[in-house]
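Residue-level structure breakdown
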Amino acid sequence: MRALLFNDIRSVSVETVPYPEIVHSTDAIVRVVATCVCGSDLWFYRGDTPRKAGSRVGHEFVGVVEAVGTDVGRLSVGDFVIAPFTYSDGVCAHCVNGITSSCIHGGYWGAGGVDGGQGEYVRVPQADGTLVVVPGGRPDDALIPHLLALSDVCGTGHHAAVGAGVKPGSVVAVVGDGAVGLSGVLAARRLGAERILALSRNPARQALATEFGATDLIEERGEAAVEAVLELTGGLGADATLECVGTGESLTTAFAIARPGSRVGFVGVPHDAELPLSIAFYNNVGLGGGIAPVRAYIPELLDDVLAGSILPGKVFDLEVGFEQLPEGYAAMDERRAIKAMARL
């Protein structure tokens, strides 16, 4: 079978690897129908986080169950499923508490001997707790990008909005115009925000942010962005602020534009970033979010996707053949694409 492997900085390639097999009785084998590149994949692609050469990569996929272990009871061969970006058993104390991304028996795709999600087949540990069945069998091809978005970015944007405390009537600011930031705009609208300020200077991303519900676009950065948000909010700041980048500048901006007494929901993977504690302290700004428990969010978001009330797959503005998936990485690295996907 074919799978994407990491070679070196800015070098990934599709190579032949062994087909996966059931290892534990709680495993399932999924034939991947679609996969995609995440903004967090760019951290190892650029050399900002370590990665072992020759390792499988990718953590977002949808597909068809091909085989199940003897202790798998919720899934059947032939089910079309969504795989969240972490696997989890669904029954440990953390999962029951809704934090599936911290499952005691869970983990990450492409780590600890577990397959990466960018391949033709994937062995799924803790399959009953991890995979979400899409009712009705294999969906129409047009629906697949929207289902694929539920594996990570849609739920991660939703987690930022939940962490920030978005409520009906809120004034929301979203820092970051990548796929997660745009998903945060969509989540804020879904949760009833009255006004959504999207910080973006890229015309294509501005257009999608507007389509997703942004009411105001702010092209400035740093102090200029803070001044712009304060001016638009009458000097008050945002009722809820979504931080979807993970850099020091984005965190500082997020806290500076947050209304005193509000919260920042942060989901950007932190890199060389420190919390601006002085701003947080003197403005009583709280912090929510973290790594998103996407598995816990998929059922409610799936209902809305199937109803057609949200179309999160619009973040995919580049589709490539599976063999061309390295070009998807390059396009996202060079900001020629918001998010790249491949069908198999």
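Shown above is the structure to which this text applies.
Summary of the structure given here. Predicted model, so just to flag it, every value in this text is computed and none were measured. (Residues numbered from 1 in each chain as written. Predicted model: local features only at pLDDT ≥ 70, side-chain atom pairs only at ≥ 80, totals over all residues. Heavy atoms only, no water.)

Concerning a nonpolar patch on the surface
Selection rule: Residues enter patches when they are more than 30% accessible in relative terms and free of salt bridges; like-charged ones are connected within 9 Å and nonpolar ones (Val, Leu, Ile, Met, Phe, Trp, Tyr) within 5 Å. In short, Shrake-Rupley with a 1.4 Å probe defines the accessible areas, and a residue's cover is counted only from the protein chains shown. Should a side-chain nitrogen of Lys or Arg be within 4 Å of a carboxyl oxygen of Asp or Glu, the pair is scored as a salt bridge. Going along the chain from the N terminus, every DSSP run of H or I of four or more residues is numbered as a helix, and every run of E of two or more is numbered as a strand.
A cluster of nonpolar side chains, contributed by Leu275, Leu277 and Leu287, occupies part of the molecular surface with about 270 Å² of accessible area. Tracing the backbone shows Leu287 in strand β15 (residues 286-289).

Here we look at the packing of aromatic side chains
In this description, an aromatic ring pair is defined by two values, namely the gap between the centres and the angle between the planes. We count it as follows: When two rings of Phe, Tyr or Trp (its six-membered ring) have centres within 6.5 Å they constitute a pair, described as stacked for plane angles under 30 degrees, edge-to-face for angles over 60, and tilted for the intermediate range. Burial classes: relative accessible area under 20% of the type maximum marks a residue as buried, over 50% as exposed, and values in between as partly exposed (1.4 Å probe, protein chains only).
Throughout the structure, instances matching the rule amount to 7 aromatic pairs. With 6.4 Å between their ring centres and 55° between their planes, Phe44 and Tyr329 make a pair best called tilted. In this pair, Phe44 sits in helix α1 (residues 41-45) while Tyr329 sits in helix α12 (residues 325-333), placing the two residues 285 residues apart along the sequence. Taken individually, Phe44 and Tyr329 each receive the classification buried, so the pair is uniform in this respect. Plain terms: the ring middles of Phe281 and Tyr282 are 5.1 Å apart, the flat faces sit at 90° to each other, and that makes the pair edge-to-face. A residue is classified by how much of its surface remains accessible, and Phe281, at 60% relative accessible area, is exposed.

Details of the pattern of salt bridges
This model, assessed by the stated rule, comprises 18 salt bridges. For Asp27, the salt bridge is made with Arg123, and the minimal N-O distance between the two is 2.9 Å. Of this pair, Asp27 sits in the loop between β2 (11-16) and β3 (28-36) while Arg123 sits in strand β8 (residues 121-124), placing them 96 residues apart in sequence. By relative accessible area, Asp27 is classed as buried at 0%. Accessibility expressed as a relative area gives 11% for Arg123, which makes it buried. When the shortest N-O distance is used, the salt bridge between Arg190 and Glu300 registers 3.2 Å. With Arg190 in helix α6 (residues 179-190) and Glu300 in helix α11 (residues 294-307), this residue pair connects regions lying 110 residues apart in the sequence. The partly exposed category is assigned to Arg190, whose relative accessible area is 26%. On the basis of relative accessible area, Glu300 is assigned to the partly exposed category, the value being 36%. It is possible to trace a salt-bridge network through shared partners that takes in Arg10, Arg46 and Asp333.

In short, geometric facts, not functional conclusions.
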